[in-house]
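# Coordinate analysis (summary)
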Amino acid sequence: MGLAGNLENSHLVLNFCHSRPVAWSSSHPGGRGRTLLPAMLLTTCSFHFRPFKAVAAAVLLGSVVAARPAVAQLVLPQASPLARVSQTVGLTEINVTYHAPGVKGRAIWGNLVPYGQVWRAGANQSTRIRFEDDVVVGGQRVPAGQYALYVLPTDSATASIIFNRDTARWGTEGYDPRRDVFRVPVSVTAAPFSETLRYGFSNVRPSSATLDLCWEKRCFSTPIEVEVLPKAVANIRRATAKEPTNWLLLTQAAEYLVRADAEHELALELIDRAIAIQRNYYNTWVKARLLAQKDEYKTAIQLTRAAMELGERAVKASPTPPADLTAYPTLAPEMKLAVAQWKIKQ
């Protein structure tokens, strides 16, 4: 160990050892401004010899106990890459996270994906679907939350979709049907060839959409319905309480309810508040349509004529009316047609 001194007839006794990491430069330990090499472990031990007095020895164990540098994670392209698709239906967001395998010349249905067996509906770990709010899938209510999504293909023309509570599985390994939320039949249709499995949404409407899983020459589709009105009404109440004197906000909220033909009493309250703040052709026209929905055609006609007068007056008063009152020229034909139709009904 290179310790000086006469060690004859003596033996070395270890007191203690202390280890700490040290950095080494490319040319000399502790060199400033130089590139540091991976850390080494410096161990300092205290020994003493008997019968001689204690001697301290510093032992560098670099080749024996040197600390290994951290191993970097290797990131490479996946054969079935991660994919996500998101769609807002009404006021509800729906997200699907999956891995997308390719056909790669293989026979898929009845072979790679056997009939009569639960399939992960993608690759690698379980496909996951998340609903922001409660939804209805295939006529069955599904609470808001995240689920594992599986498909059970029965034959070339029939299949079921499965929603399972356990989202942490690798494919179908450890799949437990007792954790299923429900199973519902899905539509199976022929489709143009798709090399890569993909999820998407079609037939998107204000309160519904269709979730499609397409791969090779087949698509599995299931309808999803959402409840829009309760959430919209909650948003309306929250916004109008925050800005109670904003006539445009009040009018827009009332018009939404008129178009939905719902919550007539709330719509009437909102539009009356808007008119009290600032009467104009827009909010007067909205109130006319609301009353027509309640079969009050005589008053609706009177209000529509008043709205047309207000619109004409606004256009004549200023060639550049406020931005929120520029739509009258496009609304005028609709107003005239409504008056003619309501005259017949009254």
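Rules used throughout
- Residue positions are given per chain, counted from 1 along the sequence in the order it is written.
- With pLDDT at 70 or above as the cut-off, local features in this predicted model cover only qualifying residues; side-chain atom pairs require 80 or more to be listed or tallied, and sums for whole chains, interfaces and linings still use all residues.
- Side-chain measures were taken over the full set of non-hydrogen atoms in the model, leaving aside hydrogen atoms and water.
- Whenever a pair of cysteine sulfur atoms sits within 2.5 Å, that pair is classed as a disulfide.
- Here the term buried applies to any residue with accessible area under 20% of the maximum for its type, exposed to any over 50%, and partly exposed to those in between, with areas from a 1.4 Å probe on protein chains only.
- Pairing of aromatic side chains requires ring centres within 6.5 Å, counting the rings of Phe and Tyr and the six-membered ring of Trp. Pairs whose planes differ by under 30 degrees are stacked, by over 60 edge-to-face, and all others tilted.
- Put simply, DSSP marks the helices as runs of H or I at least four residues long and the strands as runs of E at least two long, and each gets a number from the N terminus on.
- As a per-residue quantity, pLDDT reports the predictor's confidence and falls between 0 and 100.
- In this analysis, two residues are considered to be in contact whenever any of their non-hydrogen atoms come within 4.5 Å of each other.
- All axes are obtained by fitting lines to C-alpha atoms, using only the stretch in contact for helices, and the reported angles, taken between N-to-C directions, cover 0 to 180 degrees.
- Should an angle lie under 35 degrees it is considered roughly parallel, over 145 roughly antiparallel, and from 65 to 115 roughly perpendicular; all remaining angles are considered oblique.
- For a crossing to be left-handed, the near helix must be turned anticlockwise from the far one by less than a right angle; the clockwise case is right-handed.
- Any Lys or Arg side-chain nitrogen found within 4 Å of a carboxyl oxygen on Asp or Glu counts as a salt bridge.
- Here the term cavity refers to a set of points on a 1 Å grid, laid over the protein atoms alone, in which a 1.4 Å probe fits but cannot get out; the term pocket refers to an open set having protein on both sides within 12 Å along at least five of seven lines, with lining residues being those that place an atom within 4 Å of a point.
- Grid points are joined across faces, edges and corners, and a volume is the space filled by probe spheres set on the points.
- Strands are labelled as partners when DSSP assigns at least two bridges between them.

Disulfides are covalent bonds that link the sulfur atoms of two cysteine residues. The full count for this structure, using the stated rule, is one disulfide. Bridging cysteine 214 to cysteine 219, the disulfide has an S-S length of 1.9 Å. Measuring the twist about the S-S bond at about 110 degrees, one finds the cysteine 214-cysteine 219 disulfide to be right-handed. Of the two residues, cysteine 214 and cysteine 219, both sit in the buried class.

Going through the model one piece at a time under the given rule, you end up with 12 aromatic pairs. Measuring from centroid to centroid gives 6.1 Å for tryptophan 109 and tryptophan 215, while their planes differ by 85 degrees, and the two rings are edge-to-face. You can see tryptophan 109 sitting in the loop between strand S5 (92-99) and strand S6 (127-131) and its partner tryptophan 215 sitting in strand S12 (residues 208-226), a full 106 residues away along the chain. The same class applies to tryptophan 109 and to tryptophan 215, which are both buried. Between the aromatic rings of phenylalanine 131 and tyrosine 147, the centroid separation amounts to 6.4 Å while the plane-to-plane angle is 50 degrees, which identifies the pairing as tilted. On the criterion of sequence distance, the pair formed by phenylalanine 131 in strand S6 and tyrosine 147 in strand S9 (residues 145-153) is long-range, its members being 16 residues apart. The class of phenylalanine 131 is buried, set by a relative accessible area of 1%.

Of the residues in the chain, 77% reach a pLDDT of 70 or more, and the chain-wide mean stands at 84. When the criterion is pLDDT under 50, residues 51-67 qualifies, and its contacts beyond four places in sequence or with other chains add up to 30 contacts.

Remark: helix H5 (residues 281-293) packs on helix H7 (residues 328-345), axes separated minimally by 12 Å, with the N-to-C direction vectors making an angle of 25 degrees. Put simply, H5 runs roughly parallel to H7. As H5 runs across H7, the sense of the crossing is left-handed. Facing H5, whose interface residues are Tyr281, Trp285, Ala288, Arg289 and Ala292, H7 presents Tyr328, Leu331, Glu334, Met335, Ala338 and Trp342.

This brings us to the pattern of salt bridges. Using the criterion set out here, one finds 11 salt bridges in the structure. Between glutamate 132 and lysine 231 there is a salt bridge, with the nearest N and O atoms lying 3.8 Å from each other. Of this pair, glutamate 132 sits in the loop between S6 and strand S7 (135-137) while lysine 231 sits in helix H2 (residues 229-242), and the two are 99 residues apart along the sequence. Connected through salt bridges with shared partners, the residues Glu132, Asp133 and Lys231 form a single ionic network.

With a phi close to 60 degrees, asparagine 124 is a non-glycine residue in the positive phi region. Looking at the element boundaries, asparagine 124 is found in the loop between S5 and S6. Within the chain, glutamate 216 stands out as a residue other than glycine whose phi angle is a positive 55 degrees. Along the chain, glutamate 216 turns up in strand S12.

Attention shifts here to the layout of surface pockets. As a volume, the largest pocket reaches approximately 190 Å³. If you go around the largest pocket, you meet 13 residues; those closest to its centre are Leu112, Val113, Trp119, Arg120 and Gly122.

Next up on the list: the sheet that holds S12. The strand order across the open sheet built from nine strands is S4-S5-S6-S9-S10-S11-S12-S7-S8, with neighbouring strands paired in antiparallel fashion. The open sheet has two edge strands, strand S4 (82-89) and strand S8 (140-142), and neither has a second partner. Across this sheet, the average inter-strand angle for adjacent strands is 35 degrees, counted without regard to direction. Examined bridge by bridge, S7 and S8 share three bridges and lie antiparallel to one another. Looking across to S8, one finds that valine 137 is bridged to glutamine 140.

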